[in-house]
Amino acid sequence: MDAFLANRRDVDLSLEERALLETAIAEVREIESRQVIVPPRTTVEISTLLIEGLVSRFIDDRHGLRQLVAIHVPGEFVDLHAYPMRELDHGIGALTAARVAIVPHEALRRILDPRPELARKLWFSTLLDAALHRAWLFRVGRLDAVGRVAHFLSEMNLRLQAIGLSDGTRFALPLTQADIAEICGLTTVHTNRALRQLREAGLCEVHAPTVELLDPTGLAQRGNFNSHYLYLDTEALTAKGSGSTS
């Protein structure tokens, strides 16, 4: 729970609020890599907080081809929007082995109804998801293959840095090139080519599972990346590492 909304602007959780959220957790589950956690079009009465690992939201077409529409890192609610919406229009699956905390909606209702400020902070979390979706739409709609990959790696660097899993230039990203292709709307061949071009340009190197940003500012420029949509406390992150927050 310590990583939830860590280093985000104007949404610091108090110790009491963190304790309340922890009391709402019904159980912790271990999830195997590539396991579907919630199938599409499922009515749910729980929300899932990611503790360890990487989890995706996905949509499959009628031929079974998958588009990843979101990636979640530790400390994020994967499906908090299911609390008011009840039914998910997409699936949720583990990209790696993961640990998740299960929070029943009834428990959320019990702690949120008398505490509008805590409810606002959880609302902020769902709005942050929406901001990420808009950035992903921009990435796929307006950038070339190299730019899409550069944008994605720049984003992941800062999201992981916010929770202490990147030093600003190096982080673990246990995804396959096929995963990155599905995230960026590319073929695996185009993804491989884009990663090679970024390496040859001296911007980053990817040796799975490690990503090293050789030039974070240059990588952000190549990906037309602006971190404003992540709502990060940039002063705190600057003190922790040298990642670009342009």
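Presented here is a report on the structure given in the accompanying data block. (Residues numbered from 1 in each chain as written. Predicted model: local features only at pLDDT ≥ 70, side-chain atom pairs only at ≥ 80, totals over all residues. Heavy atoms only, no water.)

Each helix and strand in the chain was counted, giving nine helices and 10 strands. Taken over the C-alpha trace, the chain has a radius of gyration of 18 Å; the compact-globule value for 246 residues is 18 Å, and the two agree within 12%. Counting only C-alpha atoms and orienting by the principal axes, one finds that the chain spans roughly 55 × 45 × 30 Å. Considering the chain as a whole, with its 246 residues, one finds that 50% of them fall into the buried category. Taking the 27 positively charged and 32 negatively charged side chains of the chain as two groups, their mean positions are separated by 5 Å. (Helix = DSSP H or I, 4+ residues; strand = E, 2+ residues; numbered from the N terminus. Rg over C-alpha atoms; globule rule 2.2 N^0.38 Å. Buried < 20%, exposed > 50% of the residue type's maximum accessible area, 1.4 Å probe, protein only. Lys, Arg positive; Asp, Glu negative; His and termini not counted. Charge placed at Lys NZ, Arg CZ, Asp CG, Glu CD.)

In this approach the atoms are scanned with a rolling probe the size of a water molecule, which exposes any empty space left behind. Looking at the largest pocket, its volume works out to about 190 Å³. Along the wall of the largest pocket there are 14 residues; nearest its centre are Gln177, Leu195, Val206, His207 and Ala208. Put simply, the parts of the chain that give the lining of the largest pocket at least two residues each are α6 (177–184), α7 (188–200), β9 (204–207) and β10 (210–213). Top element by residues in the lining of the largest pocket is β9. It accounts for three residues. For the lining of the largest pocket, the residue count by class is eight nonpolar, four polar and two charged. (1 Å grid on protein atoms, 1.4 Å probe; cavity = no way out; pocket = protein on both sides within 12 Å on 5 of 7 lines; lining within 4 Å. Points joined across faces, edges and corners; volume = space filled by probe spheres on them. Nonpolar A, V, L, I, M, F, W, Y, C, P; charged D, E, K, R; others polar.)

What follows covers the packing of aromatic side chains. For the coordinates displayed, the defined rule picks out four aromatic pairs. Measuring from centroid to centroid gives 5.3 Å for Phe4 and Phe77, while their planes differ by 85°, and the two rings are edge-to-face. Pair noted here: Phe4 is in the segment before α1 (15–23) and Phe77 is in the loop between β5 (66–72) and α2 (82–85), with a separation of 73 residues, a long-range link. Pair check on accessibility: Phe4 and Phe77 agree, each one buried. Its guanidinium or amino end placed over the ring of Trp136, Arg139 lies 4.4 Å from that ring's centre, counting from NZ or CZ. (Phe/Tyr/Trp six-rings, centres within 6.5 Å; stacked < 30°, edge-to-face > 60°. Lys NZ or Arg CZ within 6 Å of the ring centre and 35° of its normal.)

Next up on the list: the pairing of β10. Side chains Val211 and Leu213 project from β10 onto a buried face, and the interleaved Thr210 and Glu212 project onto a face without burial. Relative to β10, strand β8 (residues 170–172) runs antiparallel, the two being bridged by three bridges. Opposite Arg170, over in β10, you have Glu212 as the bridge partner. Relative to β10, β9 is paired through four bridges, and the arrangement is antiparallel. Note on β10: the bridge partner recorded for His207 is Thr210. (Pairing = 2+ DSSP bridges.)

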